[in-house]
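Architecture and fold: a report
Okay, here's what each chain looks like letter by letter:
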Amino acid sequence: MTLAATTLDPCETVQHDRYEGATLTPDARLSDVQAADYDLLVVPGGTCNVDRIRVNEDAITLAQEFTHEGKPIAAPCHGAWLLVNAGLVAGKTAAPCRYIAADIENAGGHYVDEQLHVDDANGFKLITSRKPDDLDYFVGAIKDALK
């Protein structure tokens, strides 16, 4: 597992978008990570993290590389925002948090309100879930995708 970020500076995390979390030091910069070296991409959930990386060209390119190689992407909560900006949602069904349902629909995808949704359309597997209460299902789907 590799934690990639825009810089190698320590990252302050938050829980539920408002409570202080752990400080983590990235293993690599997004610009140095290549899909060929990994089996699956996990996009962070929550609004704060994804709101910043969804406009980052390196993050967008990485997500696009994963789909071009047919590798799965797992995106809980707001994580699908990155996929919207990367142009990867059209024709896909996703179950992110309800707050980005219109973004999914406007990008040509289909929003569903489910604990977990796995979509294999368009040559890559997309694993989405709505909220922290759904994480057990989300993690289970990631494990299944890696078998």
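This one's a predicted model, so the numbers in the text were calculated from it and none came from an experiment. (Residues numbered from 1 in each chain as written. Predicted model: local features only at pLDDT ≥ 70, side-chain atom pairs only at ≥ 80, totals over all residues. Heavy atoms only, no water.)

**Re the sheet that holds strand β9 (residues 117–119)**
The strand order across the open sheet built from four strands is β5-β6-β10-β9, with neighbouring strands paired in mixed fashion. On the outer flanks of this sheet lie β5 (41–42) and β9, each paired with one strand and no other. Looking at chain direction, β9 and strand β10 (residues 126–129) are connected through three bridges and run antiparallel. Each residue of the ladder has a partner; that of H117, found in β10, is T128. In this fold helix α5 (residues 135–145) packs onto β5, β6 (73–76), β9 and β10, with an angle of close to 170 degrees to the strand it touches most, β10. (Pairing = 2+ DSSP bridges. Helix = DSSP H or I, 4+ residues; strand = E, 2+ residues; numbered from the N terminus. Contact = heavy atoms within 4.5 Å. Axes fitted to C-alpha atoms, helices over the stretch in contact; angles between N-to-C directions.)

**Overview of the packing of aromatic side chains**
One pass over the structure, following the stated rule, counts zero aromatic pairs. One residue, R54, lies across the ring of W81, its end atom 4.0 Å from the ring centre. Lying across the ring of F124, K92 places its NZ or CZ 3.9 Å from the centre. (Phe/Tyr/Trp six-rings, centres within 6.5 Å; stacked < 30°, edge-to-face > 60°. Lys NZ or Arg CZ within 6 Å of the ring centre and 35° of its normal.)

**A word on the UniProt feature "domain: DJ-1/PfpI" (unreviewed entry) in the chain**
Under the UniProt annotation, "domain: DJ-1/PfpI" (unreviewed entry) lies at residues 19–142. Between the end C-alpha atoms of residues 19–142 there is a gap of 26 Å, over a span that is 31% helix and 20% strand. (UniProt positions renumbered as here; feature names shortened; annotations may be inferred.)

**Side note on the pattern of salt bridges**
Evaluated as defined, the whole model comprises eight salt bridges. A salt bridge links D119 to K92; its shortest N-O distance comes to 3.4 Å. Of this pair, D119 sits in strand β9 while K92 sits in the loop between α3 (80–85) and β7 (93–94), and the two are 27 residues apart along the sequence. For K92, a relative accessible area of 1% corresponds to the buried category. The closest approach of N and O atoms between K125 and D120, which form a salt bridge, is 3.7 Å. Accessibility expressed as a relative area gives 28% for K125, which makes it partly exposed. Looking at D120, the relative accessible area reads 51%, which means it is exposed. Overlapping salt bridges, with partners in common, bring together D113, R130 and D134 in one network. (Salt bridge = Lys/Arg side-chain N within 4 Å of Asp/Glu carboxyl O. Buried < 20%, exposed > 50% of the residue type's maximum accessible area, 1.4 Å probe, protein only.)

**Concerning α5**
When α5 is considered as a whole, its buried residues turn out to be F138, A141 and I142. Taken end-on, α5 shows its buried residues confined to a sector of 100 degrees, consistent with a single buried face. Exposed residues lying more than 90 degrees from the buried face of α5 are D136 and K143. On its buried side, α5 packs onto β5, β6, β9 and β10. (Arc of directions from axis to C-beta.)

**Thoughts on helix α2 (residues 57–68)**
Across its 12 residues, α2 extends 16 Å between first and last C-alpha, which sits within 8% of the 16 Å expected from 1.5 Å per residue. Of all the positions in α2, only A59, I60, L62, A63, F66 and T67 are classed as buried. Buried residues of α2, viewed axially, fall in a sector of 160 degrees; they line one side. Seen from the buried face of α2, the exposed residues on the opposite side, beyond 90 degrees, are E57 and H68. Its buried side turned inward, α2 meets β5, α1 (47–53), β6 and α3. Of the residues flanking the start of α2, the one acting as N-cap is N56, its side-chain oxygen 2.9 Å from the backbone nitrogen of D58. Just downstream of α2 lies G70, where phi reads positive at about 70 degrees. (Expected span 1.5 Å × (residues − 1). Polar contact = N/O pair within 3.5 Å; in protein donor to acceptor, adjacent residues only side chain to side chain.)

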